[in-house]
Amino acid sequence: MLDKPAAQPSTVRDPRFDILFEPVKIGPVTARNRFYQVPNCNGMGYRDPSGAAMMRKIKAEGGWSVVCTEQAEIHHSSEITPFIEARIWGEDDIPALARSADWIHEHDALAGLELCYNGANSPNFTSREIPMGPADLPVATFTFDPVQARAMDRTDIRNLVRWHGQAARRGKRAGFDILYVYAGKFLGGPMFFLSRRYNQRTDEYGGSLQNRVRLLKELIEETKEAAGDQCGVVCRISTDELIGPAGLHREEAKEIIALLDEYPDMWDLTLSGWENDSQTSRFAEEGYQEPFVTTVKQVTRKPVVGVGRFTSPDLMVRMVRQGILDMIGAARPSIADPFLPKKIEEGRMEDIRECIGCNICVSGDFTMSPIRCTQNPTMGEEWRRGWHPERIRPKEAEGTVLVVGAGPAGLEAALSLGRRGHEVKLAEAGTVLGGRVERECRLPGLSAWGRVRDYRVGQIGRMTNVEVYRDSRLSADDVLSFGFEHVVLATGSHWRADGVGRFHQSPVAIDPSMPVLTPDDVMAGRTATGRIVVFDDDHYYMGGVIAEKLARDGAAVTLVTPALMVSAWTINTMEQHRIQARLMELGVEILVSKLPTDVGAGHVGLACTVTGRESTLETDGVVMVTARTPDLALFHALSARENEWAGAGIRSVTRVGDAVAPGTIAAAVYSGHRYAEELGAVIDPDVTPFRREVARLL
Ligand code: ADP
Ligand code: SF4
């Protein structure tokens, strides 16, 4: 069955979005519209400054009127090794940051620098300085570091204020238009002083709210002094910690803002900590921060920016019209689609590549690797590979391409090959497109993941040089008879049922009378009832979400994992605690550090991964969530007939996505995109295929 191209979208802005394109004054500088890319970590920082700068330049090109850096550590006495952020410790750091400011300016955007003193959140593993905060307390890092901060005395506070001023002056010299004072998410150190929990000091910097805001006031004043009439000063603050009255909450945050309102030029509102601020779509809807910021503007005369994974222009308009926000802040929506503002401006809603709220971008920072994005495969590759989210170089030579399989890898390959001008046919065995995304987005909480399919199917649908064939399971005979020059096998993978994964390299003994399912079976609607063991040796989301689904469907679920916690890798997407809490609320029993040794009739044998102690768990069935096997039947059939390729006009057969090695959806999209980028290019396998900046020797 062949899909016909759909009508082309309009290119005229809808007048109801005009309000989003009004200028906003931020002290002495003016943002030309309301689209504000808030500071966000990206795993590039001081190590990959040109990579970070090019990523920001492209956002400025895409229409964001303010583009900010991630946190820039202002002084060596506060750094968050091993995380890779920007640094502005001294003069030597200016050129790297100036590159960001310069490149942002090339597209008439304002460049913002998030000055940051982490304080009681900085382990200082590089500088080996003793961290400083309001009190003698262990550092509040994600990684429970065995480091304790010391309480600051008056000299320390005077020093900190001076350091902030010095860093602000360096930022101004680097060319930034906006300088931050960061007091949010317990990443910006002054928040520890704002917090009643952390700040139990008895001097003029502790106790009453008036005293607790004193340090922040002094930092803003000093930064304003440095900024002069050249830069706007933005204060980033958190309005709620989501722990009730014990934590900072909206009404207290409003009191802080009211007390300090005369000092900064703008307020940037977040939730605290980062895991609350950047919640995934599995746990929070678009606009989820609204209740925590909704009345803040009652107490301030300054403009306010806030976030909430905004991708819907109508919601953005409502935020402004209802006086909740003045500027639409975005980190993730700007990562998934750096051209979001431009597309709204040009009335190209259908072209918006909406964030799916998966936090793979966050995992870049958590794994100290350059940022990546499930929806935008060019993210983090702008400088080092020269990729652009909206443009791809035209094809080098004629070449028809057959893409087999319309999962994320095949869809992205077909789309990007089509954009390069190739004649492409995309054949999919199933009736629906999307592959694993089509299946997974029907699991609890993952519906937004369907946007990976929707964006690509929508784009391909309007291309005349990409034809889509559904219900077309291709055989080697089919492929050899078609006469395409390049064949891309994006045939995906399937979950194994034999227990092989990280811990078991050979199959687990399974009694044939026992129902043993895989996630594919569950997603295909095979029901599992009664007592079910979910064995999770995958450790990303699938084990947890399958347990959630079965529990919701009425099974008595026990999740068994050799890790120390449920869905352990989701620490990197900041969801682990929420996943575990949800399973516990659903009554799922969780057994950690346990490994199935065998699946017998009516039971599973378990071994403790720490002690080796063995036990038995009665169950009516098992779901194995361990590893996947690439689907290579077509690849092997074609490989066996390689001598026929030339006669059939085939010049290359290449696997992409999960058919090479099953991984994340982001990896599959990247793989499909990379194929399209590299078709026709001469790749030297002996040479690193991307640019990098190597440390300068002194
Ligand atoms: P990836 O994540 O790599 O994109 P998926 O598993 O999501 O992989 O998608 C693979 C897609 O390939 C599935 O939709 C599947 O139906 C399709 N497919 C597999 N084998 C064939 C084939 N021989 N012909 C056409 N489509 C195929
Ligand atoms: Fe959104 Fe996921 Fe991309 Fe992050 S990685 S920007 S959450 S789609």
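1. Remarks on the site of ligand 2
- Around ligand 2, a shell composed of Arg332, Ile335, Ala336, Cys355, Ile356, Gly357, Cys358, Asn359, Ile360, Cys361, Cys373 and Thr374 is seen.
- Broken down by secondary-structure element, the contributors of at least two residues to the shell around ligand 2 are helix 11 (332-336) and helix 13 (360-366).
- Take the shell around ligand 2: its biggest share by element is three residues, from helix 11.
- Looking at the shell around ligand 2, its residues break down into eight nonpolar, three polar and one charged.

2. Let's talk about the site of ligand 1
- Of all residues adjacent to ligand 1, which total 23 residues, the nearest are Ala409, Glu428, Ala429, Arg436 and Asp658.
- Within the side chain of glutamate 428, one N or O atom sits 2.6 Å away from an oxygen atom of ligand 1.
- Taking leucine 474, its main chain carries an N or O atom lying 3.0 Å from a nitrogen atom of ligand 1.
- Contact with the protein chains removes 91% of the 580 Å² of surface that ligand 1 exposes when unbound.
- If you list the elements that add at least two residues to the shell around ligand 1, you get helix 14 (408-420) and helix 15 (436-440).
- Its residues placed into classes, the shell around ligand 1 shows 10 nonpolar, eight polar and five charged.

3. As for the packing of helix 14 against helix 22 (residues 665-678)
- In the contact formed by helix 14 and helix 22, the axes pass within 7 Å of each other and the chain directions differ by 30°. Considering the angle they form, helix 14 stands roughly parallel to helix 22. Crossing handedness for the pair helix 14 and helix 22: right-handed. The segment helix 14 lies against helix 22, with Pro408, Ala409, Glu412, Ala413, Ser416, Leu417 and Arg420 engaging Ile665, Ala668, Val669, Gly672, His673, Tyr675, Ala676, Glu677 and Glu678.
- Taken together, the residues that form the contact of helix 14 with helix 22 break down as nine nonpolar, three polar and four charged.

4. Side note on the pattern of salt bridges
- With the rule as written, the count across this model stands at 60 salt bridges.
- Arginine 393 serves as the salt-bridge partner of glutamate 677, at 3.8 Å between the closest nitrogen and oxygen. With a gap of 284 residues between them, glutamate 677 in helix 22 and arginine 393 in the loop between helix 13 and strand 15 (401-404) connect regions that are remote in the sequence.
- For arginine 582, the salt bridge identified is with glutamate 548, shortest N-O distance 3.4 Å. Of this pair, arginine 582 sits in helix 20 (residues 576-585) while glutamate 548 is found in helix 19 (residues 541-552), placing the two residues 34 residues apart along the sequence.
- Here the residues in one salt-bridge network are Glu381, Arg384, Arg385, Arg674 and Glu678, joined through shared partners.

5. Quick look at the sheet that holds strand 23 (residues 556-561)
- The sheet built from five strands is open, its strands ordered 21-28-22-23-24 with parallel pairing. Each edge of the open sheet is held by one strand with a lone partner, namely strand 21 (516-517) and strand 24 (589-592).
- In this sheet, strand 24 lies alongside strand 23 in parallel orientation, the contact comprising four bridges. Within strand 24, the position partnered with threonine 558 by the bridge is glutamate 589.
- With respect to the sheet, helix 19 is in contact with strand 22 (531-536), strand 23 and strand 28 (621-625), its orientation differing from that of strand 22 by roughly 170°.

6. Here we look at the packing of helix 3 (residues 154-173) against helix 6 (residues 214-227)
- Between helix 3 and helix 6, the shortest axis-to-axis distance is 8 Å and the interhelical angle comes to 30°. At the point where helix 3 passes helix 6, the crossing takes the right-handed sense. Residue-level inspection shows Ile157, Leu160, Val161, Arg162, His164, Gly165, Ala168, Arg169 and Lys172 of helix 3 in contact with helix 6, the latter providing Leu215, Glu218, Leu219, Glu222, Thr223, Glu225, Ala226 and Ala227.
- Residue composition of the contact of helix 3 with helix 6, grouped by class: eight nonpolar, three polar and six charged.

7. Some words on the environment of arginine 462
- Among the secondary structure elements, arginine 462 is positioned in the loop between helix 16 (451-461) and strand 17 (466-469).
- Since its relative accessible area comes to 12%, arginine 462 is described here as buried.
- A polar side-chain atom of arginine 462 sits 2.5 Å from a polar atom in the side chain of aspartate 351.

Thresholds applied
- For every chain, the first residue of the written sequence is number 1, and numbering continues from 1 onward in sequence order.
- Chains and ligands are labelled by the order in which they are written, letters from A for the one and numbers from 1 for the other.
- This being a predicted model, a pLDDT of at least 70 is required before a residue's local features are given, and a value of 80 or more before pairs of side-chain atoms are given or counted; all residues contribute to the totals for chains, interfaces and linings.
- To get the side-chain values, take all heavy atoms of the structure and skip hydrogens and water.
- Whether a residue is near a molecule or strand is decided by its heavy atoms; if any one of them lies within 4 Å of it, the residue is near.
- Put simply, DSSP marks the helices as runs of H or I at least four residues long and the strands as runs of E at least two long, and each gets a number from the N terminus on.
- The classification used treats Ala, Val, Leu, Ile, Met, Phe, Trp, Tyr, Cys and Pro as nonpolar, Asp, Glu, Lys and Arg as charged, and all other residues, Gly among them, as polar.
- The definition of a polar contact used here is a pair of N or O atoms within 3.5 Å, where within protein one atom must be able to donate a hydrogen and the other to accept one, and adjacent residues in sequence count solely through side-chain atom pairs.
- We get accessible surface area from the Shrake-Rupley algorithm with a probe of 1.4 Å; when it comes to residues, only the shown protein chains can shield them.
- The axes used here are C-alpha line fits, helices contributing only the stretch in contact, and every angle between their N-to-C directions lies in the interval 0 to 180 degrees.
- Note on angle classes: values under 35 degrees are labelled roughly parallel, values over 145 roughly antiparallel, values of 65 to 115 roughly perpendicular, and the remainder oblique.
- Crossing handedness is defined as follows: a turn of the near helix away from the far one that is anticlockwise and smaller than a right angle gives a left-handed crossing, while the clockwise case is right-handed.
- Two residues qualify as a contact provided that any one of their heavy atoms is within 4.5 Å of a heavy atom in the partner residue.
- By definition, a salt bridge exists where a carboxyl oxygen of Asp or Glu is found within 4 Å of a side-chain nitrogen of Lys or Arg.
- Strand pairing is assigned whenever DSSP identifies at least 2 bridges connecting the two strands.
- A simple rule labels every residue: compare its accessible area, found with a 1.4 Å probe on the protein chains alone, to the largest value its type can have, and call it buried under 20%, exposed over 50%, or partly exposed in between.

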